[in-house]
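Breakdown of the fold
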Amino acid sequence: MRALVTGATSGIGLAIAAELALRGTDLVIVARDKNRLDSVAARLANYSGVTVETLAADLLDDAGIAAVISRLQDADSVVDMLVNNAGIGLPPGGFLGNDIDTSRRLTSLNVDAVMRLSHAALPAMIRRGRGGLLTVASIAAFTPGTPAITYSASKAWAVAFGEGLNTLLRSTGVHSTVVAPGFVRSEFHSRSGVATAGIPERLWLTPEQVAIAAVNAFARNTPLVVPGAIWRTGFAIGSRLPRPWLRAGFAALMSRTSSPRTGSSSAAPSIQTEGTV
Ligand SMILES: NC(=O)c1ccc[n+]([C@@H]2O[C@H](COP(=O)([O-])OP(=O)(O)OC[C@H]3O[C@@H](n4cnc5c(N)ncnc54)[C@H](OP(=O)(O)O)[C@@H]3O)[C@@H](O)[C@H]2O)c1
């Protein structure tokens, strides 16, 4: 079995790649930084013995998408599993406090790239009757009302997409699983300049916790998995709450975080900063 993992040099993607490698899965790892890819590939191959290829590609770029599609469709070296993991959050200020290009880059990576790579990978998987997609969404998919609404919306799209595919693919032998984590220790928040100091320690997951839950769920073809007991409980309660209560509760949690940055010049002064998940 071979998996192609996007965003595999850090955080959740790296942990999923490592978990798959431990289970004997060969890898194609994708990210932009070539040096970092090479060093991660050497470490993964060393500790697991699997074959690890690197593919340096920017998924915000048509040429990068084309290179990954070409690798996904290489009939001489089949990719059985696509892990749609690479994603970015919104800087402080959320949707209204950043320029529109910031949100467009976000939806390009979190939505468009996922859709394009999945559409390219699925026909051969369906023909072979095995393999599938593991898509990294977020608990933010279920939390409307925070300032980072384009991020939440992109992850709601990922949930609808991956869960919907699970139903569409039911008779094909091809799996589709979506993982929706809460706060995870990675480079995600520092990359978008979001401070996380106010987030309670008990709400943090490790990338490894997420990876084990995700890879197990993919093996069972579970449509949607929320890693971590506290987040699973919160999700179960939240999905039964009236929507106004849910919005108010999550906005209160988000307002406990603060940021050293102020967002772009178009930021409305009253917009709070937030720790996206
Ligand atoms: N951390 C959280 O709290 C959290 C919670 C829920 C969901 N998530 C989701 O989990 C996923 C992974 O996030 P993470 O926390 O592991 O973040 P991370 O530590 O920042 O890792 C991001 C990875 O994606 C790659 N990447 C970024 N932009 C890219 C691009 N344009 N083209 C190709 N690769 C790109 C990065 O490598 P290069 O920079 O070298 O390209 C890196 O390997 C995201 O979809 C995120 O939305 C995160």
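Coordinates for the structure precede this section.
Our subject in this report is the structure included herewith. Everything numeric here is computed off the predicted structure, so don't read it as measured data.

Our focus in this paragraph is the overall build of the protein chain. Looking only at helices and strands, the protein chain features 9 helices and 7 strands. Taking 19 Å as the expected radius of gyration for a compact globule of 277 residues, we find that the protein chain reaches 18 Å, a close match to that expectation. Each of the three principal axes of the protein chain carries a C-alpha extent, and together these read 55 × 40 × 30 Å. When the 277 residues of the protein chain are sorted by exposure, 45% land in the buried category. Sequence separation of at least 24 residues holds for 71% of the intrachain contacts in the protein chain that already meet a minimum separation of 6.

Before going further, it helps to spend a moment on the nonpolar core. Of all hydrophobic cores here, the largest spans 69 residues; its most connected members are Val5, Ile16, Ala17, Leu27, Ile29, Val179 and Ala214. With 8 residues, the single largest contributor to this core is helix H1 (residues 11-22). With residues up to four places along the chain from it excluded, the contact list for Val5 reads Gly13, Ile16, Ala17, Leu27, Ile29, Val30, Val83 and Asn85.

Attention shifts here to the site of the ligand. The local shell around the ligand holds 30 residues, among which Gly7, Gly11, Arg32, Gly87 and Phe188 are the closest. At the level of secondary structure, the elements contributing two or more residues to the shell around the ligand comprise H1 and helix H6 (188-191). No other element matches H1, which puts 3 residues into the shell around the ligand. Looking at the shell around the ligand residue by residue, the classes come out as 14 nonpolar, 10 polar and 6 charged.

With respect to the helices and strands, the residue Gly129 is situated in the loop between helix H4 (100-128) and strand E5 (132-136). Considering only alpha carbons, one finds Gly129 and His175, 46 residues apart in sequence, at a separation of 9.5 Å. Residues contacting Gly129, with those up to four places away along its chain left out, are Thr172 and Gly173.

Cut-offs applied
Residues numbered from 1 in each chain as written. Predicted model: local features only at pLDDT ≥ 70, side-chain atom pairs only at ≥ 80, totals over all residues. Helix = DSSP H or I, 4+ residues; strand = E, 2+ residues; numbered from the N terminus. Rg over C-alpha atoms; globule rule 2.2 N^0.38 Å. Buried ≥ 20, exposed ≤ 12 C-beta atoms within 10 Å, placed from the backbone. Contact = placed C-beta atoms within 7 Å. Core = buried A, V, L, I, M, F, W, Y, C linked by C-beta atoms within 7 Å. Near = placed C-beta within 6 Å. Nonpolar A, V, L, I, M, F, W, Y, C, P; charged D, E, K, R; others polar.

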